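# Fold and contact review
Take a look at the letters that make up each chain.
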Amino acid sequence: MVIETERLILREFIPADLEAIHEYASNPVVVKHMLWGPNSIDDTQSYLDMTLGMQEQKPRQGFELAVILKESGQLIGGSGVHICSPAIGELGYCFHELHWGRGYASEAARALLSFGFGELNLHRIFATCRPDNIASARVMQKIGMRYEGHLREHMWHNKDNRWVDSHQYSILKQDYKQPL
Ligand SMILES: CC(C)(COP(=O)(O)OP(=O)(O)OC[C@H]1O[C@@H](n2cnc3c(N)ncnc32)[C@H](O)[C@@H]1OP(=O)(O)O)[C@@H](O)C(=O)NCCC(=O)NCCS
C-alpha cells in the first residue's frame, strides 16, 4: 500500500530500509520520550522485521509505514495506525531529528487519519504521549484530536525501570473532517 500527500509518500517498509531507520532510531534525542531506544542495530532489525510481519497479517491489524520525502526520496521517519480492538485504532509517529519542525509528522498523521476512517472504517483513533512530549501533543492537536486526559502510570518504561504517565488524545469518525 502507498499513501501520497503533498510532500510525502507513505509506503511499506522494505528490508533495504534498515540503515535509514537506524539513523533516527539510534539517536538519543529522537528516543528521549519513547519507551524504547536508543536502538542497537539488532533492535532496529527487530522493529523492521515486525513491520514486515505486519504486511503478512490476515486480517491486517498493523499499518506501520515508512515516510519518504518526495523531493529527495529520503526515508525520514515512520508512522502508523494499529487496530487494537474492533474499529479502534492507535496512531504513532517517529521522525529523524533533521526533519522536525516542518509539518511532516502532521502531514503523515492526517493522511493516516484519512486512511483509518476511510479505508479501515475505524470509529475512533487515539494516540498517547509522555506528558512532557510537547511536539507530539502539538501534532495531535493540529490534526484535530481532542485531549482526553492524563493516564497515571499508564505504561512500563523498560529503559528507566519505572511506570510512566501518558496524555491521551483522540478523534472520532463523526468529528473527522476530510481536508478539502
Ligand atoms: C513528535 C514528532 C513526530 C513531531 O514531528 P514534526 O515533523 O516536527 O511535527 P510537526 O512539524 O508536524 O509539528 C510539531 C509541532 O510542535 C511544535 N513544537 C515542537 N517542539 C516544541 C516545543 N518545545 N514547544 C512548543 N511547541 C513545540 C512545533 O512548533 C509544531 O507546531 P506548529 O506547527 O504549531 O508550530 C518529532 O518531534 C519526533 O519524531 N519526535 C521523536 C519521536 C516521538 O516523540 N514520537 C512521538 C511519540 S508519542
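Here we summarise the structure given alongside this text.

The next thing to look at is the overall build of the chain. The secondary structure content of the chain amounts to 4 helices and 8 strands. Helices (α) and strands (β) of the chain occur, in sequence order from the N terminus, as β-β-α-α-β-β-β-α-β-α-β-β. Relative to the globule expectation of 16 Å for 180 residues, the C-alpha radius of gyration of the chain, 16 Å, shows essentially globular dimensions. With respect to the principal axes defined by its C-alpha atoms, the chain has extents near 40 × 40 × 35 Å. Taking all 180 residues of the chain together, 47% fall into the buried category. Pairs at least 24 apart in sequence give 60% of the contacts found in the chain among residues at least 6 apart. Of the roughly 9700 Å² that the chain leaves accessible, carbon and sulfur atoms contribute 53%.

Another point: the pattern of salt bridges. Evaluation of the coordinates by the stated rule reveals 6 salt bridges. A salt bridge links Glu 4 to Lys 70, with the shortest nitrogen-to-oxygen separation between them at 2.9 Å. Of this pair, Glu 4 sits in strand β1 (residues 2-4) while Lys 70 sits in the loop between β3 (62-69) and β4 (75-85); the two residues are 66 residues apart in sequence, bridging distant segments of the chain. The exposure class assigned to Lys 70 is partly exposed, which follows from its relative accessible area of 32%. Two residues, Asp 160 and Arg 162, come together in a salt bridge whose shortest N-O distance is 3.4 Å.

This part covers the sheet that holds β3. One open sheet accounts for 8 strands, arranged β1-β2-β3-β4-β5-β6-β8-β7; its pairing is mixed. Two strands bound the open sheet, and with one partner strand each, they are β1 and β7 (146-157). Direction aside, neighbouring strands of the sheet carry axes that sit 25° apart on average. In this sheet, β4 lies alongside β3 in antiparallel orientation, the contact comprising 7 bridges. If you follow Gly 62 over to β4, its bridge partner there is His 82. Sheet strands touched by helix α1 (residues 18-25): β4 and β5 (88-95). Its angle to β4, the strand with the most contacts, is close to 85°.

Throughout the structure, instances matching the rule amount to 5 aromatic pairs. With a centroid separation of 5.8 Å and 75° between ring planes, the pair formed by Phe 13 and Tyr 47 is classed as edge-to-face. Of this pair, Phe 13 sits in the loop between β2 (8-12) and α1 while Tyr 47 is found in helix α2 (residues 41-54), placing the two residues 34 residues apart along the sequence. By relative accessible area, Phe 13 is classed as buried at 1%. Between Phe 63 and Phe 115 the ring centres are 5.2 Å apart and the planes differ by 70°, which places this aromatic pair in the edge-to-face class. With a gap of 52 residues between them, Phe 63 in strand β3 and Phe 115 in helix α3 (residues 104-118) connect regions that are remote in the sequence.

Take the site of the ligand next. What surrounds the ligand is a group of 21 residues, the closest being Phe 95, Gly 101, Gly 103, Ser 106 and Lys 142. Within the backbone of Gly 101, an N or O atom sits 2.6 Å from an oxygen atom of the ligand. At 2.8 Å from an oxygen atom of the ligand is found a side-chain nitrogen or oxygen belonging to Asn 133. Protein contacts shield 71% of the accessible area of the ligand, which totals 960 Å² for the unbound molecule. Looking at the shell around the ligand, the elements that each hand over two or more residues are β5, α3, β6 (124-129) and α4 (134-142). Considering every element that reaches the shell around the ligand, the biggest residue donor is α4, with 6 residues. Grouping the amino acids of the shell around the ligand by side-chain chemistry returns 12 nonpolar, 6 polar and 3 charged.

Thresholds applied
- Residues numbered from 1 in each chain as written.
- Predicted model: local features only at pLDDT ≥ 70, side-chain atom pairs only at ≥ 80, totals over all residues.
- Heavy atoms only, no water.
- Helix = DSSP H or I, 4+ residues; strand = E, 2+ residues; numbered from the N terminus.
- Rg over C-alpha atoms; globule rule 2.2 N^0.38 Å.
- Buried < 20%, exposed > 50% of the residue type's maximum accessible area, 1.4 Å probe, protein only.
- Contact = heavy atoms within 4.5 Å.
- Areas by Shrake-Rupley, 256 points an atom, 1.4 Å probe, with all protein chains shown as cover.
- Salt bridge = Lys/Arg side-chain N within 4 Å of Asp/Glu carboxyl O.
- Pairing = 2+ DSSP bridges.
- Axes fitted to C-alpha atoms, helices over the stretch in contact; angles between N-to-C directions.
- Phe/Tyr/Trp six-rings, centres within 6.5 Å; stacked < 30°, edge-to-face > 60°.
- Near = heavy atom within 4 Å.
- Polar contact = N/O pair within 3.5 Å; in protein donor to acceptor, adjacent residues only side chain to side chain.
- Nonpolar A, V, L, I, M, F, W, Y, C, P; charged D, E, K, R; others polar.

The values reported here are purely geometric and, on their own, carry no functional implication.
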